[in-house]
Number of protein chains: 2
Amino acid sequence: MSADHSTWHPAWLPEAAFGPVGSRRVLVAPGPDAGPVGRTVVDELRTATAQHGGTLTVLDPSAELPDGAIVRAHDLVLLVAPRAGRAAPTSGGRVHPSSSTNAPLVALATDGVLDGTSGPEIGTDAFLRIRQDGRSVVVAGGAAGLLYGLHAVVRDGERAFGTDHGPQHDLPVAPVRMLDHWDNVDVHPVMGQVERGYAGGSLFYDAGEVRDDLTRVGAYARLLGSIGVNAVALNNVNVHATEARLLTDGLGDVARLADAFRPHGVRAYLSVSFASPMALGGLATADPLDADVQRWWAQAADRVWAAVPDFGGFLVKADSEGQPGPFAYGRDHADGANLLARAVAPHGGTVFWRAFVYDHQQDWRDRRTDRARAAHDHFTPLDGRFDTNVVLQVKHGPLDFQTREAVSPVLAAMPRTRVAVELQVTQEYTGQQQHVCYLGPSWSEILRFGLAEDGTRTVAQIVSGLPGSPASGPPDADPLPAAGVVAVSNVGDDVFWTGHPLAQANLYAFGRLAWDPDADPVALLDEWVDLTFPGADPRVRSTLHALMDDSWRTYEAYTAPLGVGFMVDPLRGHYGPNVDGYEYSRWGTYHFADRDGIGVDRTRATGTGFTGQYAAPWRDLYEDVATCPDELLLFFHHVPWEHRLHSGTTVVQHVYDSRADAVDVVERLRQHWADAADVFPADWHARVGERLDEQLRSAVEWRDQVRTYVYRKSGVPDAQGRPIY
Amino acid sequence: MSADHSTWHPAWLPEAAFGPVGSRRVLVAPGPDAGPVGRTVVDELRTATAQHGGTLTVLDPSAELPDGAIVRAHDLVLLVAPRAGRAAPTSGGRVHPSSSTNAPLVALATDGVLDGTSGPEIGTDAFLRIRQDGRSVVVAGGAAGLLYGLHAVVRDGERAFGTDHGPQHDLPVAPVRMLDHWDNVDVHPVMGQVERGYAGGSLFYDAGEVRDDLTRVGAYARLLGSIGVNAVALNNVNVHATEARLLTDGLGDVARLADAFRPHGVRAYLSVSFASPMALGGLATADPLDADVQRWWAQAADRVWAAVPDFGGFLVKADSEGQPGPFAYGRDHADGANLLARAVAPHGGTVFWRAFVYDHQQDWRDRRTDRARAAHDHFTPLDGRFDTNVVLQVKHGPLDFQTREAVSPVLAAMPRTRVAVELQVTQEYTGQQQHVCYLGPSWSEILRFGLAEDGTRTVAQIVSGLPGSPASGPPDADPLPAAGVVAVSNVGDDVFWTGHPLAQANLYAFGRLAWDPDADPVALLDEWVDLTFPGADPRVRSTLHALMDDSWRTYEAYTAPLGVGFMVDPLRGHYGPNVDGYEYSRWGTYHFADRDGIGVDRTRATGTGFTGQYAAPWRDLYEDVATCPDELLLFFHHVPWEHRLHSGTTVVQHVYDSRADAVDVVERLRQHWADAADVFPADWHARVGERLDEQLRSAVEWRDQVRTYVYRKSGVPDAQGRPIY
């Protein structure tokens with residue numbers, strides 16, 4: 001097979017993926033409020049039908065309603081549902097699609113099964129699907145829903161035209177499905193063009209400026225729109241000098257970027273520096289209670305929304321890792337967030353305020369300070385004080401995107417605050433897009449993790465407005481708007497977008513899980529495979545499942561053991577092993593291994609007390625070494641090397657076994673991949689092959705360093721007698 | 001006190017240091033071959049006498065000889081001795097200093113004690129001093145000797161004008177006294193403008209070009225001339241693309257730099273890339289046996305010497321740490337070095353070929369490969385094959401400028417090869433000019449270390465042409481020219497030249513020990529103090545002795561213990577502690593600590609066999625753990641934590657004690673310095689004070705990390721019960 005792209009890979013939207021739709025007779029009625037997103041749907045369908053031999057009928061809101069026979073002559077009908085409160089005008093027995101409703105068309109297309117009055121219930125982001133009399137119908141609640149509905153049909157391929165079925169409501173669980181770009185305008189001397197970017201340069205910026213040609217940004221926006229992502233933050237949360245000016249001098253460029261995202265239903269946000277009133281406005285302070293500061297932000301917001309009327313809002317990392325914030329003025333995070341929230345409120349804007357705040361100048365000698373406690377300690381006292389257009393953005397774990405962490409207790413601890421959970425699609429700690437690490441299973445576990453005694457209050461529920469969330473209302477307070485799921489993007493200007501081609505699946509799965517956290521991550525892989533390689537040899541699917549299904553657990557098995565985290569190399573930007581790499585550092589990320597044992601005592605009884613930040617049952621389950629899950633044992637407890645796991649083996653032998661076994665897995669997968677060269681595009685196969693070579697090299701290094709380190713400390717020989725150095 | 005400088009500090013040549021000379025009646029007769037160095041001597045004296053109220057009489061070679069009374073009316077007479085084989089013409093009872101001799105003047109000035117025929121015996125670099133009838137006389141063998149003689153008088157200050165004494169011959173032990181600058185023309189993305197530079201930018205280069213204004217280079221050359229340094233290599237031994245072109249396009253700039261050094265007796269050398277014929281000449285190979293390559297180098301040398309007739313030669317790092325070399329063509333280092341040597345021989349040039357060659361892609365799992373062995377393994381088979389204008393430049397230890405290493409066995413193992421020893425004035429591993437670390441005592445130990453059974457064959461003897469050196473002739477071969485002492489410079493464009501003001505003393509001591517390896521390093525400190533702070537309060541001297549005399553051993557005592565080396569932080573360019581920082585790396589620098597013990601087994605019996613590279617007695621003394629010196633124990637042996645040292649304490653307790661004690665020392669010195677604020681210039685005191693703060697912070701970190709690391713591994717408590725973490 002040869003590649004079907006030139007400048008960049010089509011990812012999961014190759015032309016062939018549109019074959020089942022494009023070869024059919026399609027009718028689309030985007031309705032009176034189609035806007036740019038509706039036009040995108042029409043354009044997609046026009047291209048697809050032209051390429052695949054189908055036909056397209058576009059019903060303009062001002063056109064007459066076609067008669068029933070004509071409507072029923074289509075295989076696929078996509079339309080926006082009527083808005084509430086407007087009657088459908090009729091004229092001489094023929095129904096005109098008015099400027100306000102497609103209601104009669106809904107009834108026509110569904111043989112009356114749907115009556116066309118259900119629009120408001122659908123939701124503007126959502127859609128109904130029905131297959132009736134051999135005709136597939138998508139009834140969307142709005143233009144975005146129409147786009148998502150189209151892609152749902154594309155994803156289903158021929159299955160979308162199978163047996164009839166009744167109405168199926170498909171809707172995202174949360175309004176916020178956002179990707180944060182840690183892209184720098186200027187190349188940062190240490191962090192490069194994209195902080196924690198492993199896929200080349202920025203899609204947005206090059207050598208200190210916003211790119212002239214944003215064609216590829218449009219292609220990226222199209223990918224995001226197809227998986228339901230509806231927001232992007234355009235620049236790094238660490239806001240350096242040039243990037244800060246996006247808020248002022250750079251607004252023209254921001255508008256150009258927003259223009260590229262808009263047709264795909266994606267709104268633009270900016271990361272801003274809390275010190276902007278000083279750095280950009282020349283004020284002597286950035287104190288959130290200072291009237292001049294408040295005025296400056298209000299005027300800044302006015303200018304932003306004047307340039308980009310549908311602008312989303314601001315993302316802020318404040319008083320964290322050296323970024324400025326309200327602490328300098330004796331104010332707290334609520335003061336800081338509300339300052340910005342009030343500036344953007346008149347425009348309908350939202351402030352995403354990160355909860356990633358901790359002492360990053362920690363003394364490694366001090367075992368009482370626990371970075372894991374920090375976000376909870378800082379923010380829970382402020383619950384109820386944040387304005388309703390503030391979303392507190394909480395990393396999924398209490399540390400920093402480790403391969404395995406406990407779920408952050410902050411998510412469940414702020415019932416009067418809108419919270420979003422932050423995931424990391426870019427593989428900072430999970431192989432940096434050199435290693436295969438399909439993160440769908442990890443995110444699925446996180447999103448479905450129930451923080452309450454009865455297993456409810458899952459992360460997805462809390463952040464998405466489902467029962468148990470601030471959006472459903474705590475016992476003594478009004479409901480708040482829902483928030484959702486945010487993640488750090490993994491794309492760059494690499495031809496495959498993501499460096500490692502298989503990392504495309506992480507971007508795909510993020511969007512799909514943010515839409516539906518209950519989706520089976522392995523089934524999402526099937527979707528992704530079918531879209532990316534339409535009509536391919538079945539070995540494509542089986543090979544990719546073999547490589548990817550368990551890849552996260554395999555990665556975990558050769559890296560830091562049992563939830564202890566880190567052990568990564570500071571010299572190489574967190575890539576590769578360095579067991580003591582962060583052991584004597586200021587970052588608060590230690591494992592405390594000595595000749596007797598390893599792990600961080602976070603119990604209330606003898607440790608940092610972090611377990612007390614959880615509600616039951618977790619506060620007790622994690623507290624007790626007998627009930628703490630194996631995979632988080634060293635996150636919560638310092639145990640002897642010969643402590644016996646629930647699995648029956650000892651900690652030390654587990655380290656030896658799992659690291660050795662995992663490398664064996666990688667070796668087999670590398671061979672598996674080599675054997676499948678005939679069924680993959682040559683460039684794709686070559687790139688993945690190179691990465692697997694590096695993954696094996698790196699995994700061997702992880703295995704040998706971790707095993708040797710543990711042996712040198714513990715003195716316990718490997719029961720299997722494998723080499724230790 | 002206030003500072004007496006504006007743009008840069010005068011170091012050890014403040015105006016006041018010339019007071020004792022400048023206030024006197026001085027007569028100078030630089031002789032017929034004075035050249036630019038002779039003119040420098042006259043200029044120095046003219047300035048000094050003008051500033052301090054003395055008088056200066058300059059005897060031009062063409063002038064008539066003054067009568068004896070006039071000569072004897074001077075307090076200080078400096079002159080160049082007659083050259084051999086030329087009679088002194090006389091005329092009517094008055095002796096004219098001819099164009100070829102000052103012989104009659106010598107006799108006049110010394111009341112006939114010296115007869116003026118001793119020039120050739122003095123040596124062009126050397127001088128005789130005599131004090132006769134209250135008159136101090138310097139009789140130099142050449143212009144350089146005159147310069148060095150002047151500075152010897154300046155150094156002695158009023159003592160130079162004390163009681164009479166007979167002739168004293170002062171001569172350098174070796175012809176080569178060289179400073180290598182690891183300066184980059186272009187700022188290197190990792191290494192900066194000066195690789196391992198801790199004193200700001202380069203004196204020579206700025207932002208990709210040779211500086212327009214070389215005034216300060218002249219001031220630097222003056223400092224070097226005053227301590228006898230007579231050669232500089234102008235660019236980094238790691239020759240990057242821009243720097244390679246100094247050899248071709250950059251010759252105009254090289255000539256300008258050479259012009260700045262020439263008046264002070266310092267010849268310029270270039271570091272060159274072995275791949276130059278390809279990179280610069282467009283050839284397809286750099287094979288040393290290829291005729292086109294040989295021709296290219298010969299023509300390159302012709303161009304260099306055409307631009308700089310007194311150019312010194314080339315410095316080469318080949319087949320080391322990624323630099324190109326002869327291995328690519330199946331040739332060896334002798335082939336490579338001789339290629340260049342034959343190109344420069346017609347011009348009297350010399351090639352300095354570094355012996356720092358080792359496997360820098362070592363596998364940490366492999367305990368058989370020993371980086372310490374590498375130079376000996378590579379080079380000793382080539383002994384006798386290097387041309388006589390090749391100098392093999394050997395680092396003082398077998399590893400890499402560690403605070404404590406065994407002396408390199410290579411120095412004594414190549415009797416048919418000219419060898420120079422390479423020291424490191426820049427404090428890469430010795431505190432990076434943040435810590436006080438006076439290296440004179442270390443260099444003194446190295447230079448005076450006897451490699452033969454009877455304690456002879458000292459390093460100084462071997463490299464300097466004294467008995468036991470190639471220059472004195474091995475049993476079965478002709479004597480070779482002597483070589484000498486080379487070091488990596490520690491200066492930059494910092495106002496104090498060296499970042500840490502006290503590091504000026506290292507540069508000073510290097511020059512003085514290269515001249516006289518038997519000089520007492522503490523006495524050299526007195527010289528340096530007297531020059532730098534002429535007439536200062538006695539507390540200046542006592543304070544500086546307190547801070548500096550034992551500073552190298554103090555630094556050793558809180559860093560890597562007992563000769564094991566490294567334990568430095570790769571992330572911070574070798575600064576600060578990271579016990580396992582190089583333990584699992586490719587650099588071949590390990591300590592192999594485990595719960596049972598620590599150290600590198602380099603014995604013949606059970607280790608890498610490195611001890612076998614030494615002659616007796618060292619091969620046996622180092623081999624036996626019972627006779628190995630404590631300070632090198634872990635360099636040669638892997639021993640249990642509770643192994644008892646000759647000092648009576650155990651290894652583990654030694655680690656605990658010496659690190660804690662050394663920090664106590666630093667704390668006391670910091671207080672000592674604070675108490676001496678009134679006797680130092682304010683800027684000097686402030687800068688040293690800042691550095692002492694940092695030294696204390698860093699020393700505490702070293703103490704705590706090394707102690708804690710050792711405790712976590714060994715489990716042995718500190719007998720003193722001090723905190724471990």
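Residues numbered from 1 in each chain as written. Chains lettered and ligands numbered in written order. Predicted model: local features only at pLDDT ≥ 70, side-chain atom pairs only at ≥ 80, totals over all residues. Heavy atoms only, no water.

Participant: Would you mind going over the overall build of chain A with me for this structure?
Facilitator: Broken down by element type, chain A carries 23 helices and 22 strands. The C-alpha radius of gyration of chain A comes to 26 Å, within 12% of the 27 Å expected for a compact globule of 725 residues. When its C-alpha atoms are laid out on the principal axes, chain A stretches across 90 × 65 × 50 Å. Counting every position in chain A, which comprises 725 residues, the buried fraction comes to 64%. Taking all contacts inside chain A whose residues are at least 6 apart in sequence as the whole, residues at least 24 apart take part in 71%. Positive and negative charge centroids in chain A, built from 62 and 92 side chains respectively, lie 1 Å apart. (Helix = DSSP H or I, 4+ residues; strand = E, 2+ residues; numbered from the N terminus. Rg over C-alpha atoms; globule rule 2.2 N^0.38 Å. Buried < 20%, exposed > 50% of the residue type's maximum accessible area, 1.4 Å probe, protein only. Contact = heavy atoms within 4.5 Å. Lys, Arg positive; Asp, Glu negative; His and termini not counted. Charge placed at Lys NZ, Arg CZ, Asp CG, Glu CD.)

Participant: Help me out: how do you make sense of the interface of chain B and chain A in this one?
Facilitator: Of the residues lining the interface, 23 residues belong to chain B; the matching set on chain A comes to 23 residues. Surface buried jointly by chain B and chain A totals about 2,400 Å² across both partners, of which 50% is contributed by carbon and sulfur atoms. Sorting the residues of chain B by area buried against chain A places B:Arg365, B:Arg595 and B:Arg712 first, and these three jointly supply 35% of that buried surface. Along the contact surface separating chain B from chain A lie six salt bridges. Close ionic contact of A:Asp704 with B:Arg365 constitutes a salt bridge, the shortest N to O distance being 2.5 Å. (Buried area = accessible area lost by both parts, 1.4 Å probe. Salt bridge = Lys/Arg side-chain N within 4 Å of Asp/Glu carboxyl O.)

Participant: Explanation requested: a negative patch on the surface in the structure shown.
Facilitator: Side chains of A:Asp206, A:Glu209, A:Asp212 and A:Asp213 sit close together on the surface and give a patch of like negative charge. Inspection of the secondary structure assignment puts A:Glu209 in strand β13 (residues 209–210). (Patch = residues over 30% accessible without salt bridge, like charges linked within 9 Å, V, L, I, M, F, W, Y side chains within 5 Å. Areas by Shrake-Rupley, 256 points an atom, 1.4 Å probe, with all protein chains shown as cover.)

Participant: Explain the pairing of strand β17 (residues 350–354) of chain A here, please?
Facilitator: On a regular strand, one side chain projects to one face of the sheet and the next to the other, so that they alternate. Residues and elements named next belong to chain A. Extensive coverage of β17 is indicated by the burial of five of its five residues. Of the two faces of β17, the one carrying Thr-350, Phe-352 and Arg-354 and the one carrying Val-351 and Trp-353 are both buried. Pairing of strand β16 (residues 313–316) with β17 involves four bridges; the strand directions are parallel. Residue pairing in the sheet places Leu-315 in a bridge with Phe-352 of β17. Once you follow β16 into helix α12 (residues 333–344) and on to β17, the crossover reads as right-handed. By the bridge criterion, four bridges tie β17 to strand β18 (residues 390–395) in an arrangement that is parallel. When the sheet's bridge partners are listed, Phe-352 is paired in β18 with Val-391. (Pairing = 2+ DSSP bridges. Right-handed = clockwise from strand over helix to strand, strands pointing away.)

Participant: Is there a simple way to think about the sheet that holds strand β9 (residues 176–180) of chain A in this case?
Facilitator: The strands that make up a sheet pair up through hydrogen bonds in the backbone, lying either parallel or antiparallel. Residues and elements named next belong to chain A. Strands sit in the order β9-β14-β15-β16-β17-β18-β19-β20 around a closed barrel of eight strands; the barrel is parallel. Strand-to-strand twist of the sheet, defined as the mean angle between neighbouring strand axes without regard to direction, takes the value 25°. Bridging between β9 and strand β14 (residues 231–233) involves three bridges; their strand directions are parallel. Residue pairing across strands places Asp-180 opposite Ala-233, the latter belonging to β14. (Axes fitted to C-alpha atoms, helices over the stretch in contact; angles between N-to-C directions.)

Participant: Any chance you could explain the side chain of B:Arg129 here in plain terms?
Facilitator: Residue and element names in this part refer to chain B. Take Arg-129: it is sitting in strand β6 (residues 127–132). With relative accessibility at 12%, the residue Arg-129 sits in the buried group. Within the local environment of Arg-129, its side chain forms a polar contact with the side chain of Asp-156, the two groups lying 2.8 Å apart. If near-sequence neighbours (up to four positions away) are discounted, Arg-129 is found in contact with Val-137, Val-138, Ala-152, Val-153, Asp-156, Ala-160, His-165, Gly-166, Pro-167 and Gln-168. (Polar contact = N/O pair within 3.5 Å; in protein donor to acceptor, adjacent residues only side chain to side chain.)

Participant: I would appreciate a short explanation of the relation of the copies chain B and chain A in the present structure.
Facilitator: Note on the identical chains: chain B maps onto chain A by a rotation of 180° and an axial translation of 0.1 Å, with an RMSD of 0.0 Å. What the superposition gives is, in effect, a two-fold axis relating one chain to the other. Measuring from the rotation axis to each C-alpha of chain B, the shortest distance belongs to B:Leu571, at 2.6 Å. Mapped onto chain A, 100% of the interface residues of chain B again fall at the interface, so both copies present the same surface. (Least-squares fit on C-alpha atoms with pLDDT ≥ 70 in both.)

Participant: Sorry if this is basic, but what is going on with the confidence of the model for chain A here?
Facilitator: Model confidence for chain A is summarised by a mean pLDDT of 94, while 96% of its residues fall at 70 or above. Per-residue pLDDT stays below 50 along residues 85–100 of chain A; that stretch engages in 30 contacts with residues further than four places along the chain or on separate chains. (pLDDT = per-residue confidence, 0-100.)

Participant: Just checking my understanding: could you explain the packing of aromatic side chains for this structure?
Facilitator: Remark: the centre distance and the inter-plane angle together describe each pair of aromatic rings, the angle taken between the planes. Applying the stated criterion to the full structure yields 75 aromatic pairs over all chains. Summarising the aromatic geometry, the rings of A:Trp364 and A:Tyr584 are spaced 4.9 Å apart at their centres and angled 75° between planes, so their arrangement reads as edge-to-face. Of this pair, A:Trp364 sits in the loop between β17 and α13 (374–379) while A:Tyr584 sits in the loop between α19 (551–558) and β21 (597–598), and the two are 220 residues apart along the sequence. Residue classification places A:Tyr584 among the buried positions, given a relative accessible area of 10%. Measuring from ring centre to ring centre gives 5.5 Å for B:Phe533 and B:Phe680, while their planes differ by 85°; the resulting arrangement is edge-to-face. With a gap of 147 residues between them, B:Phe533 in the loop between α17 (521–532) and α18 (538–548) and B:Phe680 in the loop between α22 (651–675) and α23 (682–714) connect regions that are remote in the sequence. In textbook terms, an aromatic cluster arises when at least three aromatic residues are bridged by ring pairs, as seen for A:Phe449, A:Phe610, A:Tyr614, A:Trp618, A:Tyr622, A:Phe635 and A:Phe636. Here the guanidinium or amino end of A:Arg216 rests over the ring plane of A:Trp497, the centre of that ring lying 4.1 Å away. (Phe/Tyr/Trp six-rings, centres within 6.5 Å; stacked < 30°, edge-to-face > 60°. Lys NZ or Arg CZ within 6 Å of the ring centre and 35° of its normal.)

Participant: Any chance you could explain the sheet that holds strand β7 (residues 135–140) of chain B here in plain terms?
Facilitator: Residues and elements named next belong to chain B. With respect to topology, six strands assemble into an open sheet ordered β2-β1-β3-β7-β6-β8, the strand pairing being mixed. Each edge of the open sheet is held by one strand with a lone partner, namely β2 (55–58) and β8 (165–170). Going across the sheet, the axis of each strand differs from the next one's by a mean of 15°, ignoring polarity. Relative to β7, β6 runs antiparallel, the two being bridged by six bridges. Across the sheet, the residue bridging to Gln-132 is Arg-135, located in β7. Sheet contacts for helix α2 (residues 35–52): β1 (25–29), β2 and β3 (76–80); angle to β2, the most-contacted strand, approximately 155°.

Participant: Just checking my understanding: could you explain the environment of B:Ala307 for this structure?
Facilitator: Residue and element names in this part refer to chain B. Assignment of secondary structure puts Ala-307 in helix α11 (residues 291–307). It is 40 Å that separates the C-alpha atoms of Ala-307 and Tyr-575, two residues lying 268 residues apart in sequence. Once you skip the residues sitting within four places of it in the chain, Ala-307 turns out to touch Leu-251 and Ala-255.

Participant: Is there a simple way to think about the pattern of salt bridges in this case?
Facilitator: Pairing is possible between side chains that carry opposite charge, provided their charged atoms lie close to one another. Under the criterion given, the structure shown has 99 salt bridges over all chains. A salt bridge links A:Asp249 to A:Arg245; the shortest N-O distance between them is 2.6 Å. Given a relative accessible area of 57%, A:Asp249 falls into the exposed group. Judged by relative accessible area, A:Arg245 falls into the partly exposed class, the value being 36%. Where B:Arg368 meets B:Asp366, a salt bridge forms, and the shortest distance between an N and an O atom there is 3.6 Å. Look at B:Asp366 and you get buried, because its relative accessible area is 19%. Overlapping salt bridges, with partners in common, bring together A:Asp363, A:Arg365, B:Glu701, B:Arg703 and B:Asp704 in one network.

Participant: Sorry, what's going on with the nonpolar core here?
Facilitator: Taken as a class, soluble globular proteins show a tendency for nonpolar side chains to be buried jointly. Within the largest apolar cluster, 215 residues are counted, with the highest numbers of intra-cluster contacts made by B:Trp353 and B:Trp528. Residues A:Val463, A:Phe533, A:Val564 and A:Trp702 belong to the second largest nonpolar core, which totals 214 residues. (Core = buried A, V, L, I, M, F, W, Y, C linked by side-chain atoms within 4.5 Å.)

Participant: How do you make sense of the side chain of B:Arg216 when you look at a structure like this?
Facilitator: Residues and elements named next belong to chain B. Summarising the element assignment, Arg-216 is placed in helix α7 (residues 215–226). This buried residue, Arg-216, is left without a salt bridge; Asp-493 holds the nearest opposite charge, at 5.8 Å. A polar atom in the side chain of Arg-216 sits 2.6 Å from the backbone oxygen of Asp-494. Look past the residues within four positions of Arg-216 in its chain and what remains in contact with it is Trp-8, Leu-203, Gly-492, Asp-493, Asp-494, Val-495 and Trp-497.

Participant: Can you walk me through the environment of A:Thr110 in this structure?
Facilitator: All names here are of chain A. Within the fold, Thr-110 resides in the loop between α4 (103–109) and α5 (119–122). Here the alpha-carbon distance between Thr-110 and Thr-559, two residues 449 residues apart in the chain, equals 54 Å. Apart from the residues within four sequence positions on either side, Thr-110 is in contact with Ile-130, Gln-132 and Val-137.

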